[in-house]
Each structure stands twice: as structure tokens, then as C-alpha cells.
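Each chain, written out:
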Amino acid sequence: MKFHLWFDPTQGFHNYAILWNPNEIIFYVDDVPIRRYPRKSDATFPLRPMWVYGSIWDASSWATEGGKYKADYEYQPFIGRYRDFKLDGCKASSGSVSCSPPWSQPSGPRGLSSQQYAAMDWVQRNYKVYDYCSDPSRDHTLIPEC
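Residues numbered from 1 in each chain as written. Predicted model: local features only at pLDDT ≥ 70, side-chain atom pairs only at ≥ 80, totals over all residues. Heavy atoms only, no water.

Caption draft 1: Broad picture of the pairing of strand β3 (residues 24–29). Counting buried positions along β3 yields five of six residues, so the element is predominantly enclosed. With five bridges joining them, strand β2 (residues 16–20) and β3 adopt antiparallel strand pairing. Across the sheet, A17 pairs through a bridge with Y28, a residue of β3. In sequence, β2 turns back onto β3 through a hairpin of three residues. With antiparallel pairing between neighbouring strands as the criterion, β3 and strand β4 (residues 32–38) make up a hairpin whose turn holds two residues, including D30 at a positive phi of roughly 50 degrees. (Buried < 20%, exposed > 50% of the residue type's maximum accessible area, 1.4 Å probe, protein only. Helix = DSSP H or I, 4+ residues; strand = E, 2+ residues; numbered from the N terminus. Pairing = 2+ DSSP bridges.)

Take a look at the structure:
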């Protein structure tokens, strides 16, 4: 999925988080869930440990609506800054299902409260610009979460 956020991310720092547990992966922006990827199949759910890797690269050919927007190198050098970077998680080998978000938001049995589901629905209705589940060029038999 691809989103155009409800703010200009270049104008200030924002909080981005990923909650990944054995049942689902939830992506957050400023504590607002924007996407939930449930585990519906071991074949398509990532089971290996997560790594954190940061880079700036030109994804013009695939991440910009089929190459519609090219990187503008007039503005280089491109710089990524991280502030108050926090990394926490559960050990992959522990087999623990009790991993929970590091912040103190209420959560339901699948990780999100009804209020958070409503917020995620709002984001997806208003700011989602691409969803591979609705892309007719994709083979949907390979993506059971859709």
C-alpha cells in the first residue's frame, strides 16, 4: 500500500512505528495505525527476524505510481535524520505471543482498539493512493491477505 500522508513529512519530525508480532504487523504514523497486515498464511507472512535498515534511494521506477514522479536530483544531497530513535522488540527465538506496543495505547484482542480501527479506516479512505489488493495487474491468488 502507498499513502500520501496528511502532513508534509519534510517539515518536522514524526513518529513512525511497526508493531510486528506472530499474528499481525501494524504500521503507525504518529501513533495512528495506517495499515494492518494480518497473518492469514505462513507462505506470505514474514517469519524471519526483522532487521532495521535506513537508506535514501531512488525508487522512481516502482514507488511513484509507475514512475510518474522521478527523483529530482536538483535538491541533493538528500539527508535522512533520526531523533529519539528507539528500537524494542521481542526475541524471535522466544516464541512469545505477548509482544505489545511500547506505548500505552489501549489495544483489543488483535492489537487495535475500536478507536484505532476507526482512525486506520479514516487514513485509508482519505490518504491511501495505492493498494496492491485492488491492482488488476497482480495475481491475487498469491496474496491471501487480500
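Caption draft 2: Quick look at the sheet that holds β4. Spatial strand order, β2-β3-β4: three strands in an open sheet with antiparallel pairing. Lying at the two open borders of the sheet, with one neighbouring strand each, are β2 and β4. Averaged over all adjacent pairs, the angle separating strand axes in this sheet is 15 degrees, with direction ignored. Direction of pairing for β3 relative to β4: antiparallel, over a ladder of six bridges. By the bridge assignment, Y28 is partnered in β4 with P33. Across the face of the sheet, helix α1 (residues 114–127) comes into contact with β3 and β4 while running at roughly 95 degrees to β4. (Axes fitted to C-alpha atoms, helices over the stretch in contact; angles between N-to-C directions. Contact = heavy atoms within 4.5 Å.)

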